[in-house]
Amino acid sequence: MTAFDVVVVGSGIVGLGHALAASDRGLSVVVVDRAAALGGASVRNFGHLCFTPQGGLAREFAARSRPVWLRLAADAGLWLRESGTVVVARHDDELAVLRQLAAERGSESVFGSGQPDVMLLSAAEVETRLPLAAGMAVGGALLPWDLQVNPRQAGAGLAAGLAGRGVEFRYRTAVTAVRPGRVTTTRGSVDAGTVIVAVNHDIDQLYPEVALREGIRRCGLDMLRVDAGLRSPLPAPVLTGWSLLRYGAFAELPAAALLGDRLRRQYPALAELDLNQMYTQLPDGSLIVGDTHYRGASVSPFQNENAFEELLRLTAELFGVPRPRVLERWQGVYASGRDDFLIDEPEPGVHLVAATTGIGMTTGLGLAEHVIASVCDSSIPILKGIS
Ligand SMILES: Cc1cc2nc3c(=O)[nH]c(=O)nc-3n(C[C@H](O)[C@H](O)[C@H](O)COP(=O)(O)OP(=O)(O)OC[C@H]3O[C@@H](n4cnc5c(N)ncnc54)[C@H](O)[C@@H]3O)c2cc1C
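Each chain has its residues counted from 1, following the order in which its sequence is written. Restriction of local features to residues with pLDDT of at least 70 applies here, the model being predicted, together with a cutoff of 80 or more for giving and counting side-chain atom pairs; totals for whole chains, interfaces and linings are based on all residues. The basis for every side-chain value is the complete set of heavy atoms in the structure, and neither hydrogens nor water enter the calculation.

Here we look at unusual backbone geometry
Then, in step 1: Residues Gly 290 and Asp 291 are joined by a peptide bond in cis, for which omega reads -15°.
Then, in step 2: As for its placement among the helices and strands, Asp 291 is situated in the loop between strand S16 (287–290) and strand S17 (294–296).
Then, in step 3: Backbone geometry places Arg 172, a non-glycine residue, at a positive phi of 50°.
Then, in step 4: By secondary structure assignment, the location of Arg 172 is in the loop between strand S9 (168–170) and strand S10 (175–179).
Then, in step 5: A simple rule labels every residue: compare its accessible area, found with a 1.4 Å probe on the protein chains alone, to the largest value its type can have, and call it buried under 20%, exposed over 50%, or partly exposed in between. The exposure class assigned to Arg 172 is exposed, which follows from its relative accessible area of 57%.
Then, in step 6: The residue Asp 274 is not glycine, and still its phi comes out positive at about 50°.
Then, in step 7: Within the secondary structure layout, Asp 274 lies in the loop between helix H11 (268–272) and strand S15 (278–281). Put simply, DSSP marks the helices as runs of H or I at least four residues long and the strands as runs of E at least two long, and each gets a number from the N terminus on.

Structural notes on the nonpolar core
Then, in step 1: By nonpolar core is meant a set of buried Ala, Val, Leu, Ile, Met, Phe, Trp, Tyr and Cys residues that side-chain atoms within 4.5 Å join together. Judged by nonpolar contacts, the single largest core of 106 residues is most densely connected at Trp 69, Leu 132, Leu 287, Phe 319 and Phe 341.
Then, in step 2: Only heavy atoms matter for contacts: two residues are in contact if any of them lie within 4.5 Å across the pair. Apart from residues lying up to four places away in sequence, Leu 287 is in contact with Leu 224, Arg 225, Val 226, Ala 228, Leu 230, Leu 234, Tyr 279, Thr 280, Gln 281 and Phe 319.
Then, in step 3: Val 9, Val 178, Val 190 and Val 197 belong to the second-largest nonpolar core, a separate cluster that totals 23 residues.

Considering the sheet that holds strand S4 (residues 80–81)
Then, in step 1: Note: two strands are recorded as paired if DSSP finds a minimum of 2 bridges between them. In spatial order, the strands read S3-S8-S4; together these three strands make up an open sheet with antiparallel pairing. Because the sheet does not close on itself, it has two edges, and the strands there are strand S3 (48–49) and S4.
Then, in step 2: For S3 and strand S8 (residues 147–149), the ladder comprises two bridges, and the chain directions are antiparallel. Looking at S8, one finds that His 48 is bridged to Gln 148.
Then, in step 3: Simply put, an axis is a line fit to the C-alpha atoms, just over the touching stretch for a helix, and the angle between two N-to-C directions goes from 0 to 180 degrees. Along the sheet face, helix H3 (residues 56–76) touches S3, S4 and S8 and points at about 45° away from the line of S8.

With respect to the packing of aromatic side chains
Then, in step 1: We call Phe, Tyr and Trp rings a pair once their centres come within 6.5 Å, taking the six-membered ring for Trp, and we label the pair stacked below 30 degrees between planes, edge-to-face above 60, and tilted otherwise. Counted by the stated rule, this structure contains five aromatic pairs.
Then, in step 2: Their ring planes at 45° and their centres at 6.1 Å tell us that Phe 51 and Phe 111 sit as a pair that is tilted. Within this pair, whereas Phe 51 is found in the loop between S3 and H3, its partner Phe 111 is found in the loop between helix H4 (92–105) and strand S6 (119–122), the two being separated by 60 residues in sequence. The same class applies to Phe 51 as to Phe 111, namely buried.
Then, in step 3: Aromatic pair Tyr 279 and Phe 319: ring centres 5.1 Å apart, planes at 80°, arrangement edge-to-face.

So, the UniProt feature "domain: FAD dependent oxidoreductase" (unreviewed entry) in the chain
Then, in step 1: UniProt positions are given in the numbering used here, feature names are shortened, and annotations may be inferred rather than shown by experiment. UniProt feature "domain: FAD dependent oxidoreductase" (unreviewed entry): in the numbering of this structure it lies at residues 5–371.
Then, in step 2: What you have in residues 5–371 is 36% helix and 28% strand, and the ends, taken at the C-alpha atoms, are 14 Å apart.

In structure tokens:
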């Protein structure tokens, strides 16, 4: 039996990131996935690489991810837009959050030079950029360092590129047990010096005690792809005031607490859905619309139509269009924990790695870079999964 340097369990973006980082260092890699093709969170998301609003460890991983994504776009031909993100503020308390982050970050950026992290926009500047309903914005911001990929193409493109570099992929192969140096699968064992387990929320199947200890649950999300009939295309992913409660660097600002109070008081039904009203536009012009959040040890597969109705109503209201035509609906699931990441080594040479909030596309490649760098060089301390 061939022994590999690294076996990666899970072929989502986190697993692929590890395969890439290991392959970049000349290691032999095999990726094992129980599915026939990529179908997990890594294809069900917005493709929004929202580097700027990350804080703490997530910001570090975001900064490491960005150049990797840019390299992949050039090398593997992935569709990627250096679009930034446009945040629409519809209320002064939303503007206050944007102003606070702009002041905190100043003119420097960890992502590069030449432009700040947050560029405040007037209402007129937001309306020039986005096809909004009249009078919708009181202002906003451009987060110029953010990127957009097509989630339906990015993972598959990266996997194809890795296969072309000699990384072996074994699909329809479920891992049933992990030990140092060996994983047992439904198609025999695989030996490797390093085992990376990147199975997202399914960590509770392989390592139930770790999932319990780290408070990892499943988070379900309702998503739509629509034909919204917008007056003009979206030049960038669009966030709203609800998004300012969600991403670490925004959510920790004093102004975010006031914003949260107001939104929950004014829109209790939307707060109940744990809404993040946001949009990305795919290359074919259709709009990805989301999302809602519900958490538990398992999530109900029966999606409540009320959530979709609210998402469609809000979209029509924001862009001043009739109810959009629904092209697709789906449920996304990701691991949700107390911290932003799970990074654990329960046995020597076995690494459990996950983004435990909805930022794996943004941070996953940088997270993987870090883990493989510390596996290859014991002088690099492994960072723990705290946010
Ligand atoms: C609706 C939605 C929207 C999101 N939007 C964004 C966004 O815009 N930006 C962002 O940064 N993040 C976003 N996220 C989060 C991001 O998509 C995830 O954090 C990321 O994709 C997780 O990647 P992963 O590789 O850990 O998991 P996955 O992509 O789910 O891959 C895990 C893989 O493990 C395999 N697996 C599981 N168990 C086994 C086993 N025992 N044996 C073999 N294989 C196994 C599965 O088959 C699967 O292929 C979103 C998530 C969702 C659901």
